[in-house]
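Each chain, letter by letter, is given below.
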Amino acid sequence: MQVVQVLAAEGGALVDPVLVLPIVGVVLVLLGVAFGFWWHRNRRDNMVTPLAKATFSALHTVALAAPVLREGLSERSASQALPYLRQLLETTAMAMTDGRGTVIGWDGSADQHQQDVQTLADTVVRTGRMEIMSHTSIKCNQPGCEVRGIVVVPLESDGNIIGTLGALTPTTAGPPVLRATGEVARYVSSQLELAELDDSRARLNRAEVRALRAQISPHFVYNALTTIASFIRTDPGRARELLIDFADFTRYSFRSAGEYTTLTDELDNIKRYVVLEKARFGNRLNIQLQIDPEVQNVVLPFLALQPLVENAVRHGLSGKPNGGTVTIRAENAGSECVIVVEDDGVGMDPARLNEDLDDAHLSGAHVGLGNVDDRMRSAFGDNFGLVVDTNIGAGMKITLRVPKFRAGIRA
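Quick notes on the rules
Residues numbered from 1 in each chain as written. Predicted model: local features only at pLDDT ≥ 70, side-chain atom pairs only at ≥ 80, totals over all residues. Heavy atoms only, no water. Helix = DSSP H or I, 4+ residues; strand = E, 2+ residues; numbered from the N terminus. Buried < 20%, exposed > 50% of the residue type's maximum accessible area, 1.4 Å probe, protein only. Contact = heavy atoms within 4.5 Å. Areas by Shrake-Rupley, 256 points an atom, 1.4 Å probe, with all protein chains shown as cover. Pairing = 2+ DSSP bridges. Axes fitted to C-alpha atoms, helices over the stretch in contact; angles between N-to-C directions. Core = buried A, V, L, I, M, F, W, Y, C linked by side-chain atoms within 4.5 Å. Parallel < 35°, antiparallel > 145°, perpendicular 65-115°, else oblique. Left-handed = near helix turned anticlockwise from the far one by under 90°. Salt bridge = Lys/Arg side-chain N within 4 Å of Asp/Glu carboxyl O. Phe/Tyr/Trp six-rings, centres within 6.5 Å; stacked < 30°, edge-to-face > 60°. pLDDT = per-residue confidence, 0-100.

Peer 1: Requested: an account of the overall build of the chain, with residues and values cited.
Peer 2: Looking only at helices and strands, the chain features 11 helices and 14 strands. Across the 411 residues of the chain, 40% fall into the buried class. Intrachain contacts of the chain at a sequence separation of at least 6 include 65% that bridge at least 24 residues. As displayed, the chain has an accessible area near 22700 Å², and 55% of this comes from carbon and sulfur atoms.

Okay, structure coming up:
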């Protein structure tokens, strides 16, 4: 009898086929059991109940309507959101009106009933209560019209009625329809209220930037122009260069585009600021930049760094007889960029700094620090405020962390 020799995978040993065959059989059985278990579990997981399917469909439809509603109540948002809302309620048509009861969006057929919706909406806006038109009250000469009920409910934001949502149903407007329409209206109201909060935050950020710009004017513009004027007779070429730097600095600082900027653009503007200040302070002012290439395009609030550097020059170095150095570091830290603005100036009592920051809106002291802190927290959350380390004679170190990515924030 011929002997078949099997070479083991590792040691080169010979294995008798009599021993191999039972092992192969066991493996095949185990594979069969594993396959059966996998098939049973996969079949069980795929047996989704009708309720689960309906729930998923409703959540998916709601999610599709959310982004456009977060833009606020308008003809555009109404026209884009209503198809999803009509799909959610399975109605003949859906309508949306503004706070005056004027129809600003319609989806579906039966638009001959727009006047009926507007009449009900006028009452809803005035009273704040849901209005219903039953099939016995609906007058329609349109052949094939399937509208048997009209429900109009208020859309609210912060306790105020800002519009209405109307549903034109192919069945009588009974309790299930009323409850469903009311719930959808509450969802729409919540999204519109979030849109108003976003708008309020944006207006606040713009106001804070305007406050910073107003601060730049008295504290810097006068000194810069005085310095430039002093060079006009003695060094006209230098005066011209400084005037160009001043123009570029003010163009950037007073630009109207965007609440955010890149770290590179912010640093370029700081360089212009330092050139103008060095013309006044001479060798008493030095600056060092240590920037990791990976973080150059990180997005941060507009004018977030210049006030920190200005604070270091005005409060840290100007009172030091021999001046000093401002160091700006931007380091790559995983999902964040860590920025440090540090000076070796006179420093200050931490307790005094806290008092100044608390009263900055009244006293004007260190208003730039408080402004930047507020905007960092508003943009990225309370965990991203400024961290200030200082003491008398020990200079000041300001650290801020910037996420490399945050939804909705771009330069």
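Peer 1: Report on the sheet that holds strand E7 (residues 160–169), specifying residues and quantitative values.
Peer 2: The pairing of strands in a sheet happens through backbone hydrogen bonds and is either parallel or antiparallel. Overall, antiparallel pairing links the five strands, which are arranged E4-E3-E7-E6-E5 in an open sheet. The open sheet has two edge strands, strand E4 (103–108) and strand E5 (131–133), and neither has a second partner. Mean inter-strand twist for the sheet, computed between neighbouring axes without regard to direction, equals 15°. Here helix H4 (residues 114–127) sits on the sheet and contacts strand E3 (93–97), E4, E5, strand E6 (149–157) and E7; the angle it forms with E6, its principal contact strand, is near 40°.

Peer 1: Hey, could you go over the sheet that holds strand E13 (residues 387–390) for me, with residue numbers and the actual values?
Peer 2: With mixed pairing, five strands are arranged side by side in an open sheet as E9-E11-E12-E14-E13. The sheet is open, and its two borders are formed by strand E9 (285–291) and E13, each paired with just one other strand. Each strand axis lies, on average, 15° off the axis of its neighbour in the sheet, ignoring direction. As paired strands, E13 and strand E14 (residues 396–403) are joined by four bridges and run antiparallel to one another. Within the sheet, the bridge partner assigned to Val 387 lies in E14 and is Thr 399. The strands touched by helix H7 (residues 263–281) are E9, strand E11 (324–333) and strand E12 (336–343); relative to E9, the strand with the most contacts, the crossing angle is about 165°. Sheet contacts for helix H8 (residues 306–317): E9, E11, E12 and E14; angle to E11, the most-contacted strand, approximately 150°.

Peer 1: If you had to explain the environment of Glu 259 to someone new, which residues and values would you point to?
Peer 2: Secondary-structure assignment places Glu 259 in the loop between helix H6 (236–253) and strand E8 (260–262). Measuring from C-alpha to C-alpha, the distance between Glu 259 and Ala 379 comes to 9.9 Å, with 120 residues separating the pair along the chain.

Peer 1: Describe the nonpolar core, with residues and values.
Peer 2: Formed by 49 residues in total, the largest nonpolar core has its most connected members in Leu 263, Leu 305, Leu 308, Val 326, Ile 339, Leu 400 and Val 402. Here this core gets eight residues from one element, more than from any other, and that element is H7. Residues in contact with Val 326, not counting those within four places in the same chain, are Leu 285, Asn 286, Ile 287, Gln 288, Val 309, Ala 312, Val 313, Leu 317, Val 341, Glu 342 and Asp 343. In terms of nonpolar packing, the next biggest core, distinct from the first, is built from 26 residues, Ile 104, Val 153, Leu 178 and Val 184 among them.

Peer 1: Could you give an account of the packing of H7 against H8, naming the residues involved and the relevant values?
Peer 2: Direction vectors running N to C along H7 and H8 enclose 20°, while the axes themselves pass 10 Å from each other. Judged on the interaxial angle alone, H8 and H7 are roughly parallel. Judged by the sense of rotation from one axis to the other, the crossing of H7 with H8 is right-handed. The residues of H8 that touch H7, namely those facing Glu 266, Ile 270, Tyr 273, Glu 277 and Phe 281, are Gln 306, Val 309, Glu 310 and Val 313.

Peer 1: Would you mind going over the pattern of salt bridges in detail, with residue names and values included?
Peer 2: In the structure shown here, the tally under the stated rule is 10 salt bridges. A salt bridge links Asp 98 to Arg 100, with the shortest nitrogen-to-oxygen separation between them at 3.2 Å. One salt-bridge network, held together by shared partners, links Arg 329, Glu 331 and Glu 342.

Peer 1: So what's going on with the packing of aromatic side chains? Which residues, and what values?
Peer 2: Scanning all chains against the criterion turns up three aromatic pairs. Their ring planes at 55° and their centres at 5.1 Å tell us that Tyr 252 and Phe 302 sit as a pair that is tilted. One end of the pair, Tyr 252, is in helix H6; the other, Phe 302, is in the loop between strand E10 (299–301) and H8, and 50 residues separate them in sequence. Overall, the relative accessible area of 10% leaves Tyr 252 in the buried class.

Peer 1: A description of the confidence of the model for the chain should follow, citing residues and the corresponding values.
Peer 2: Taken over all residues, the pLDDT of the chain has a mean of 80, while the share at 70 or more is 76%. Model confidence for the chain, summarised as mean pLDDT per element, is weakest for strand E1 (residues 6–7) at 32 and strongest for E12 at 95. Considering only residues more than four positions removed or in separate chains, one finds that residues 1–33, a stretch of pLDDT under 50, has 11 contacts. Predicted confidence for residues 360–365 stays below pLDDT 50, and this span has six contacts to residues more than four positions away or in other chains.

Peer 1: Describe in detail the pairing of E11, supporting the description with residues and values.
Peer 2: With seven of 10 residues buried, E11 lies mostly within the body of the structure. By the bridge criterion, seven bridges tie E9 to E11 in an arrangement that is parallel. What sits directly across from Leu 285, in E11, is Gly 324. Bridge analysis of E11 against E12 gives eight bridges, and the strand direction is antiparallel. Paired with Thr 327 across the strands is Glu 342, a residue of E12. Hairpin geometry of E11 and E12 is characterised by an intervening segment of two residues between the two adjacent antiparallel strands and by a positive phi of about 70° at Gly 334.

Peer 1: Help me get a handle on the environment of Met 133, residues and values and all.
Peer 2: With respect to the element layout, Met 133 can be found in strand E5. Each C-alpha atom, one on Met 133 and one on Arg 148, is 8.7 Å from the other, the two residues being 15 residues apart in sequence. Every residue in contact with Met 133, bar those within four places of it in the chain, is listed here: Asp 116, Leu 120, Ile 138, Gly 149 and Ile 150.

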